[in-house]
Amino acid sequence: MTLDLTARLVVIGNSGSGKSTLANRVGAALKLPVHDLDRFHWLGNGHKRDEVAAKELVSDVATAAAWIIEGVYGWLAEVALSRATSLVWLDLSWADCRDGLLGRGLRRGMSPDDQEALIVWAGAYWTRTTPSSFAGHERLFQTFSGDKLRLKTRAEVEMFG
């Protein structure tokens with residue numbers, strides 16, 4: 001898949017799959033703004049933003065001419081997909097995702113307990129049925145009509161970005 005400066009790219013995948021790293025790398029190469037869905041979903045200190053307000057923020061960002069939006073939250077990614085030109089799904093194994101989570105350590109004010117809760121939540125990616133699960137991401141991928149790419153290994157992710 002080739003992307004150009006008018007790209008509107010959504011990157012989805014499990015926590016720890018490398019979405020932020022890939023999005024930031026591609027964003028820097030193409031000089032595109034990168035938006036992390038965590039910033040729309042979370043207010044901070046473990047508090048979530050109202051779902052309607054989060055969707056409105058994503059919708060506002062998605063009206064721009066070019067952008068990259070990345071995150072695990074399928075219900076927010078879906079808002080951006082209506083304007084996206086491309087979708088990339090990082091469909092990596094649990095071992096790769098777990099290594100990614102452990103490798104990045106604590107971030108954004110996380111405590112060790114927060115990290116452990118995230119690891120448990122991310123480990124359930126394949127058994128949950130929410131929009132932020134394997135099943136939810138697969139549905140987004142299958143129904144997206146634009147250019148799409150499903151990357152299944154770290155090597156494929158590295159080659160793409």
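Structure report, in brief. (Residues numbered from 1 in each chain as written. Predicted model: local features only at pLDDT ≥ 70, side-chain atom pairs only at ≥ 80, totals over all residues. Heavy atoms only, no water.)

## Digging into the overall build of the chain
No. 1: Counting its secondary structure elements, the chain contains 8 helices and 7 strands.
No. 2: Whereas a compact globule of 161 residues would reach a radius of gyration of roughly 15 Å, the chain reaches 15 Å, a difference of no more than 12%.
No. 3: Here the contacts in the chain between residues at least 6 apart in sequence split such that 72% fall between residues at least 24 apart.
No. 4: Only carbon and sulfur atoms are counted for the fraction: they give 54% of the accessible area of the chain, which is about 8100 Å².
No. 5: Taking the 19 positively charged and 19 negatively charged side chains of the chain as two groups, their mean positions are separated by 2 Å. (Helix = DSSP H or I, 4+ residues; strand = E, 2+ residues; numbered from the N terminus. Rg over C-alpha atoms; globule rule 2.2 N^0.38 Å. Contact = heavy atoms within 4.5 Å. Areas by Shrake-Rupley, 256 points an atom, 1.4 Å probe, with all protein chains shown as cover. Lys, Arg positive; Asp, Glu negative; His and termini not counted. Charge placed at Lys NZ, Arg CZ, Asp CG, Glu CD.)

## Re the side chain of Asp-36
No. 1: Relative to the helices and strands, Asp-36 is located in strand E2 (residues 34–36).
No. 2: By relative accessible area, Asp-36 is classed as buried at 11%.
No. 3: From its side chain, Asp-36 meets the backbone nitrogen of Asp-38 in a polar contact 2.8 Å long. (Buried < 20%, exposed > 50% of the residue type's maximum accessible area, 1.4 Å probe, protein only. Polar contact = N/O pair within 3.5 Å; in protein donor to acceptor, adjacent residues only side chain to side chain.)

## Structural notes on the sheet that holds E2
No. 1: Overall, parallel pairing links the 5 strands, which are arranged E2-E5-E1-E6-E7 in an open sheet. This sheet does not close on itself; its edge strands, each paired only once, are E2 and strand E7 (147–151). Averaged over all neighbouring strand pairs, the angle between strand axes comes to 15°, with direction disregarded.
No. 2: Pairing between strand E1 (residues 8–13) and strand E6 (residues 86–90): 5 bridges, direction parallel. From the neighbouring strand, Val-10 faces E6, where its bridge partner is Leu-87.
No. 3: The strands touched by helix H4 (residues 74–81) within the sheet are E1, strand E5 (67–71) and E6, with E1 carrying the most contacts at an inclination of about 160°. (Pairing = 2+ DSSP bridges. Axes fitted to C-alpha atoms, helices over the stretch in contact; angles between N-to-C directions.)

## What to know about the packing of aromatic side chains
No. 1: Evaluation of the coordinates by the stated rule reveals 6 aromatic pairs.
No. 2: The interplanar angle of 70° and the centroid separation of 6.3 Å between the aromatic rings of Trp-94 and Trp-126 together place this pair among those described as edge-to-face. Pair noted here: Trp-94 is in helix H5 (residues 94–104) and Trp-126 is in the loop between helix H6 (112–123) and helix H7 (134–143), with a separation of 32 residues, a long-range link.
No. 3: Using a relative accessible area of 33% as the deciding quantity, one classes Trp-126 as partly exposed. (Phe/Tyr/Trp six-rings, centres within 6.5 Å; stacked < 30°, edge-to-face > 60°.)

## So, the pattern of salt bridges
No. 1: Under the criterion given, the structure shown has 4 salt bridges.
No. 2: Here Arg-25 makes a salt bridge to Glu-158, at a shortest N to O gap of 3.8 Å. In this pair, Arg-25 is assigned in helix H1 (residues 19–30) and Glu-158 in helix H8 (residues 154–160), connecting sequence segments 133 residues apart.
No. 3: The partly exposed category is assigned to Arg-25, whose relative accessible area is 29%.
No. 4: The salt bridge partner of Glu-51 is Lys-55, with a shortest N-O separation of 3.6 Å. Of the two residues, Glu-51 and Lys-55 are both situated in helix H3 (residues 51–62); the distance of 4 residues between them amounts to about one turn of the helix. (Salt bridge = Lys/Arg side-chain N within 4 Å of Asp/Glu carboxyl O.)

## Here's the deal with the environment of Arg-104
No. 1: In this structure, Arg-104 sits in helix H5.
No. 2: A residue is classified by how much of its surface remains accessible, and Arg-104, at 33% relative accessible area, is partly exposed.
No. 3: Spatially, the C-alpha atoms of Arg-104 and Gly-16 are 8.3 Å apart, while their sequence positions differ by 88 residues.
No. 4: Those residues in contact with Arg-104 that lie beyond four places of it in its chain are Gly-16 and Leu-118.

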